[in-house]
Structures are given as C-alpha cells and as structure tokens.
Amino acid sequence: MTVHILASGSEGNSLLVSGEGTHVLLDAGISARRITAALRELGLSPRDLSGVLLTHEHSDHVSGLATLVKQYRPPLYATVGTARAVCRRVPAAADVLRAIPRQGTFDVGDIRVTVFPTSHDAAESVDYRFDCGGSAVGVLTDTGCVPPAAEDILRGVGLMVLESNHDVEWLLSGPYPYYLKQRILGACGHLSNNDAAFLAQRLAASGTRQFVLAHLSRENNTPERAQQTVSLALSGLDASVTVAPRGQLSGPYGAEVFICSA
C-alpha cells in the first residue's frame, strides 16, 4: 500500500491511499484543481478513484468536494451525521453518497476499510484503518482524545498517520484567544505532541513501524518540535517518525509518498 499526502494542516487536508489498483481519497480539503493536478502527477485522474471518504464536514476537509462531485461524481462515503452536514453545503453530494456506520467494516475495491468514531466538534466525526494485501494503514487526526475503540482498531497497523497538532506550552502562551485555546485543548479538539507521543509509543509496542505526524499547527508547533517529542517517546523501539509537510507539498502540486510494506 502507498499513502500520498496531498495536503496537511489547517489550510487543507487530503491524502490518497492506494493498494492493489484501488485508490481511495481521504478528505478533499483542498481545491479540486489541486487534487486533480496531484493525481495527474501520479498518473491518475479523479475518475480512477474508487471512492472519497470523509472524516467530518469542516471546511479544511471538504472545501474541494463540491467541484469534485460535480465534475467527476466519485462514490462518497460518510457517516449519516457528516453526510447531512455536507449535503446542506453541497446538495449534489446526495446523488453519490453511500452512508456508512460510525463503527464497522466495509470494502472499497480491494481495500478493506474499518471506520471508528473520533472526538471532535463536528456532527459525527470518524477516522479509518485501511487493510490490503497484508498491509495496514491507520489514520487518526482531528480528535481531542484517543477513544479506546480507536486504539484497539489501530493496533498492529504498519504505517500510522497521526495528528500532532500543537505543543501545549506554546499554545497556552501563544496569541490565540482564550476560547480557541480551550477548544483546541478540549476533549473535542486536537491531539497535542504529547498525546501523539503516548499513542505512538503504545502502537509501536504492538508492531507499528512508521509514523507520519500530520495536521500540525502553523502557529503552535513546528515539524522539529513534533518530531522531537514523538521520537523521544519511541527511543529504543524499532519505529521511525516523519512529519507530513504542512500546506501544499513539493513541486507545484506534488504529494509526499509513504510506503507501507507490512
């Protein structure tokens, strides 16, 4: 399996999971033009997508969805709560929508998808595990805590895309207004570097070997700070840590690629 991160951060989020000829787009938080251009660099088109999966309806995860649905009509997978919220903004999404449970397993092409609930200030937020050909990839972002079901489901993945949004001390001493600090730090906010480190340590003990830190705050974090915090927690464990570049990636429309081999 491969994971191409098209964008990561508050400016927009989207990644492509591929395996056995199946291509699944997770979130469409950048323009359809950028998504199309990034896929073109990979020798693909939006018409090659077996599905678009949504984590939740916030704009940094769905801003490109309206054009993508209108032009290419890919199958769209979302929980009932997320679907309702999205369809209010993108009525055409209803025509391609495939409602999924907030927890369960289903197939998209040759990829087995496991969905689980997260804790975020959205209608019905979720994240996913992807299994294909003996490899497994997990994604956990946009959650204020790690629900027990999420950790159970993610145990044993080879590659983990994990939110490491902020450094708590930097956030508390930074310029954000009080209400926003409380939102980010709350149970329905975002995972901190320390939160990511604690989870990464537990997952590494269960066999996860690659961690990609994602959804970093531009104001309250740095790639170096996030990587240092998580790497320290993984000392002595056979696991590597990489940081997904924030915003638009290498080249005019490039995508960062990570390979999950086991």
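Please read all numbers here as calculations on a predicted model, not as lab measurements. (Residues numbered from 1 in each chain as written. Predicted model: local features only at pLDDT ≥ 70, side-chain atom pairs only at ≥ 80, totals over all residues. Heavy atoms only, no water.)

Section: the pattern of salt bridges
Summed over all chains, the structure comprises 8 salt bridges. The shortest N-O distance in the salt bridge between D107 and R112 comes to 2.3 Å. Taking the relative accessible area as the measure of exposure, D107 reaches 44% and is therefore partly exposed. The salt bridge partner of R155 is D152, with a shortest N-O separation of 3.3 Å. Classification of D152 by relative accessible area gives partly exposed; the value is 48%. (Salt bridge = Lys/Arg side-chain N within 4 Å of Asp/Glu carboxyl O. Buried < 20%, exposed > 50% of the residue type's maximum accessible area, 1.4 Å probe, protein only.)

Let's talk about the layout of surface pockets
Where empty space is left becomes clear once a probe the size of a water molecule has been rolled over the atoms. Of the volumes computed, that of the largest pocket is approximately 240 Å³. Every residue lining the largest pocket is counted, 19 residues in all, and those nearest its centre are S10, N165, R183, H190 and H215. Per-element tally for the lining of the largest pocket: the top contributor is helix α7 (residues 178–185), with 3 residues. Taken together, the residues that form the lining of the largest pocket break down as 4 nonpolar, 10 polar and 5 charged. (1 Å grid on protein atoms, 1.4 Å probe; cavity = no way out; pocket = protein on both sides within 12 Å on 5 of 7 lines; lining within 4 Å. Points joined across faces, edges and corners; volume = space filled by probe spheres on them. Helix = DSSP H or I, 4+ residues; strand = E, 2+ residues; numbered from the N terminus. Nonpolar A, V, L, I, M, F, W, Y, C, P; charged D, E, K, R; others polar.)

Some points on the environment of W170
Structurally, W170 is set in helix α6 (residues 168–173). Put simply, W170 and N221 are 51 residues apart on the chain and 7.3 Å apart in space, counted from C-alpha to C-alpha. In contact with W170, other than residues within four places in its own chain, are N220, N221, T222 and R225. (Contact = heavy atoms within 4.5 Å.)

Quick word on the environment of V157
Within the fold, V157 resides in the loop between α5 (148–154) and β11 (159–163). Taking C-alpha positions, V157 is 15 Å from L213, a pair spaced 56 residues apart along the chain. Non-local contacts of V157, meaning those with residues more than four positions away in its chain, are made with R129, A136, V137, G138, G207, T208 and R209.

Focus: the side chain of T36
The topology assignment puts T36 in helix α1 (residues 32–41). For T36, a relative accessible area of 11% translates into the label buried. Sequence-distant contacts of T36, that is, excluding residues within four places in its chain, are made with P46 and Y72.

A look at empty space enclosed by the protein
Inspection of every chain in the model, using the stated rule, returns 2 cavities of 30 Å³ or more. Here the largest cavity is characterised by a volume of approximately 120 Å³. Lining the largest cavity are 15 residues, and of these A7, N13, S14, L15 and T141 sit closest to its centre. For the lining of the largest cavity, the elements supplying multiple residues, two or more each, are β1 (2–8) and β2 (14–19). In terms of residue count, β1 provides more of the lining of the largest cavity than any other element does, 3 residues in total. Here the residues of the lining of the largest cavity sort into 7 nonpolar, 6 polar and 2 charged.

Considering the pairing of strand β13 (residues 240–243)
On β13, burial follows the alternation: V241 and V243 on one face are buried, whereas S240 and T242 on the facing-out side are not. Handedness of the β-α-β unit built from strand β12 (residues 210–214), helix α9 (residues 223–233) and β13 comes out right-handed. (Right-handed = clockwise from strand over helix to strand, strands pointing away.)

Remarks on unusual backbone geometry
Within the chain, E20 stands out as a residue other than glycine whose phi angle is a positive 55°. On the accessibility criterion, E20 (57% relative accessible area) is exposed. The phi angle at D142 is positive, at roughly 55°, despite the residue not being glycine. Within the element layout of this structure, D142 appears in the loop between β10 (135–140) and α5.

Quick notes on the sheet that holds β13
Strand order in this open sheet of 7 strands is β7-β8-β9-β10-β11-β12-β13, and the pairing throughout is mixed. Two strands lie at the open edges of the sheet, namely β7 (104–108) and β13, each paired on one side alone. The mean angle between the axes of side-by-side strands here comes to 20°, regardless of whether they run parallel or antiparallel. Looking at chain direction, strand β9 (residues 126–132) and β10 are connected through 5 bridges and run antiparallel. Residue pairing in the sheet places Y128 in a bridge with V139 of β10. Strands in contact with helix α8 (residues 193–205) are β10, β11 and β12; relative to β11, the strand with the most contacts, it is inclined by about 165°. α9 rests against β12 and β13 of the sheet, and its axis sits at about 165° to β13. (Pairing = 2+ DSSP bridges. Axes fitted to C-alpha atoms, helices over the stretch in contact; angles between N-to-C directions.)

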